[in-house]
Structures are given as C-alpha cells and as structure tokens.
Amino acid sequence: AVAMPDSIPDEQAAMFFVNPITAYVMIREVLKVRRGGWVLITAAGSALGKSVVRLGRRDGFRTICVVRSSANTASLAALGADAVIETDHQDLVAEVARITGGRGVGYALDCVGGELTGEVVRCLGLDGRLVIYGTLADSPLQIPGRDLMMPVAHVSGFLLPNWMALQSPLKLLGVLRAVKRLTIEGVFHTEVTDIFPLEQAATA
C-alpha cells in the first residue's frame, strides 16, 4: 500500500503503479539517460510514451517518437517531442540518421517487438542501449547479429515487478517519492476517458 497526498487525484493514483513508475525507472534507473541525449521510443502515442516526452522536457533529454500513423503526431509535438516518425510512410532508420546527423540515438525503449525491434537496433549510436518492455507485435524479435555488433549495442529486457523485487526498501521508497513529485508536477499525468465504480469492473 502506498499513501497518496490529496494533491494527486484518485484517478491518477489508481494508475500510479503502471506507466509512471515504469517510465521513471527505465529512464532514470535503467538507462540513466543523460541531459542532451536522444531517446527513441516506439508506440509513443501511449500514456507511457507521452510520460517519457514530458520527462524529457523536464530533464533536458531529446525524444524521437515512433508511431504508425499521424493520429498522435500533433499531440506528441504539443507535449514537446523533438521529432515524430510515422512508419506508415517514413523510413525509421533513415529518419533517425537525418535527425541525429548520422550519429544515431544513445537510448531506445521498445514495447512492440518483431521486425520493428531490428530497425530500432539499427538506429542506435555507438554504445547505444535498448530496453525492451513489451511485445505488442506478438512475434519474435528479428535482430541481425551484425546490427548488434556494429554499435556495440546493449539490449536488455524490463519488467517492473521483477525490477522492484531486486531493490532495497530504501531504494523503492526513494523511487516512489520521486514519482509522486513528478505526478504532482503533471509530468506523469494520464488522460482519463471514463470512470467506473468497482461493481462495474468487468464492464470497464
């Protein structure tokens, strides 16, 4: 149980353990993104993707948002995304090379998998790091060996409950406090489209 201040609405508190903590931990604790660095994130129109964009504006790192179509482009740009790539008509690898001046990105977050993960690896710069935290494509990752070798890439998986199980109580307390502060600031605000009473959980 985590105590919540009155300044965090119940609707936001109800989602506290999903996207906000995951976004915070992957950026700050796992990747340790540096100020000025480039972070590429797939399925960027998601609540987690938007949280990473807001965190980037706050912490000073730059974001490349990868989406399938133009449906979320305007909203991501309004949040402060530095670039949005629509894969239904743009070449991901070529666009990342253009945006970064050929250097590639230092960090990437992927929740799709399949062929897209292989393209994301090709977007990594030297010593680049990719964290895989989802499998929306429901198909095996396709990553040619040389595409891992050339940038000396680091690829790892992430699942929040397992990461939390490896941390000390003091560490977890610090993370929870930090995420609470960022939630109050609005960095981890999640859009609410509807509210259901508990007895309508199945309907929801």
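For the structure itself, look to the data block above.
Residues numbered from 1 in each chain as written. Predicted model: local features only at pLDDT ≥ 70, side-chain atom pairs only at ≥ 80, totals over all residues. Heavy atoms only, no water.

Undergrad: Give me the environment of Leu 126: which residues, what numbers.
TA: Position of Leu 126 relative to the elements: it lies in strand E5 (residues 124-132). If we ignore the near neighbours within four places in the chain, the residues touching Leu 126 are Arg 103, Met 150, Pro 151 and Val 152. (Helix = DSSP H or I, 4+ residues; strand = E, 2+ residues; numbered from the N terminus. Contact = heavy atoms within 4.5 Å.)

Undergrad: An account of the sheet that holds strand E3 (residues 83-86) is needed here, citing residue identities and associated values.
TA: Taken in spatial order, the six strands line up as E3-E2-E1-E4-E5-E6 in an open sheet, and their pairing is parallel. Either end of the sheet is taken by a strand with one partner, and the two such strands are E3 and strand E6 (154-157). Taken pair by pair, the neighbouring strands of this sheet meet at an average axis angle of 15°, ignoring direction. Pairing between strand E1 (residues 38-42) and strand E2 (residues 62-67): five bridges, direction parallel. For Leu 40, the partnering residue across the bridge sits in E2 and is Ile 64. Sheet strands in contact with helix H2 (residues 19-30) are E1, strand E4 (105-110) and E5, and its direction is about 145° off that of E5. Relative to E5, helix H6 (residues 114-122) is tilted by about 150°, and along the sheet it contacts E1, E4 and E5. (Pairing = 2+ DSSP bridges. Axes fitted to C-alpha atoms, helices over the stretch in contact; angles between N-to-C directions.)

Undergrad: Could you give an account of the pairing of E4, with specific residues and numbers?
TA: Looking along a regular strand, one sees side chains alternate from face to face of the sheet. Counted residue by residue, E4 has five buried out of six residues, so it is predominantly covered. When E1 meets E4, the two strands line up parallel, connected through three bridges. When the bridges of E4 are listed, Leu 40 appears paired with Ala 108. Note that E4 and E5 share five bridges and pair parallel. Within the sheet, the bridge partner assigned to Leu 109 lies in E5 and is Val 131. (Buried < 20%, exposed > 50% of the residue type's maximum accessible area, 1.4 Å probe, protein only.)

Undergrad: Please give an account of unusual backbone geometry that cites residues and values.
TA: The backbone of Asp 127 sits at a positive phi, close to 65°, despite the residue not being glycine. Inspection of the secondary structure puts Asp 127 in strand E5. The exposure class of Asp 127 is partly exposed, given its relative accessible area of 47%.

Undergrad: Break down the nonpolar core for me, citing the residues and quoting the values.
TA: Generally speaking, nonpolar side chains in soluble globular proteins are found buried as a group. Counting 59 residues, the largest nonpolar core has Val 25, Leu 40, Val 52, Leu 92, Leu 109, Phe 158 and Trp 163 as its most contacted members. With seven residues, H2 is the largest single contributor of residues to this core. Residue contacts for Leu 40: discarding those within four places in its chain leaves Ile 64, Val 66, Leu 92, Val 96, Val 105, Tyr 107, Ala 108, Leu 109, Val 120 and Cys 123. (Core = buried A, V, L, I, M, F, W, Y, C linked by side-chain atoms within 4.5 Å.)

Undergrad: Can you explain the pattern of salt bridges? Please cite residues and give values.
TA: Per the counting criterion, the structure on display carries seven salt bridges. Ionic pairing is found between Lys 50 and Glu 191, a salt bridge with its closest N-O pair at 3.6 Å. Taken as a pair, Lys 50 in helix H3 (residues 47-59) and Glu 191 in the segment after helix H9 (169-185) lie far apart in primary sequence, 141 residues in all. The exposure class of Lys 50 is buried, given its relative accessible area of 11%. We classify Glu 191 as exposed; its relative accessible area is 55%. (Salt bridge = Lys/Arg side-chain N within 4 Å of Asp/Glu carboxyl O.)

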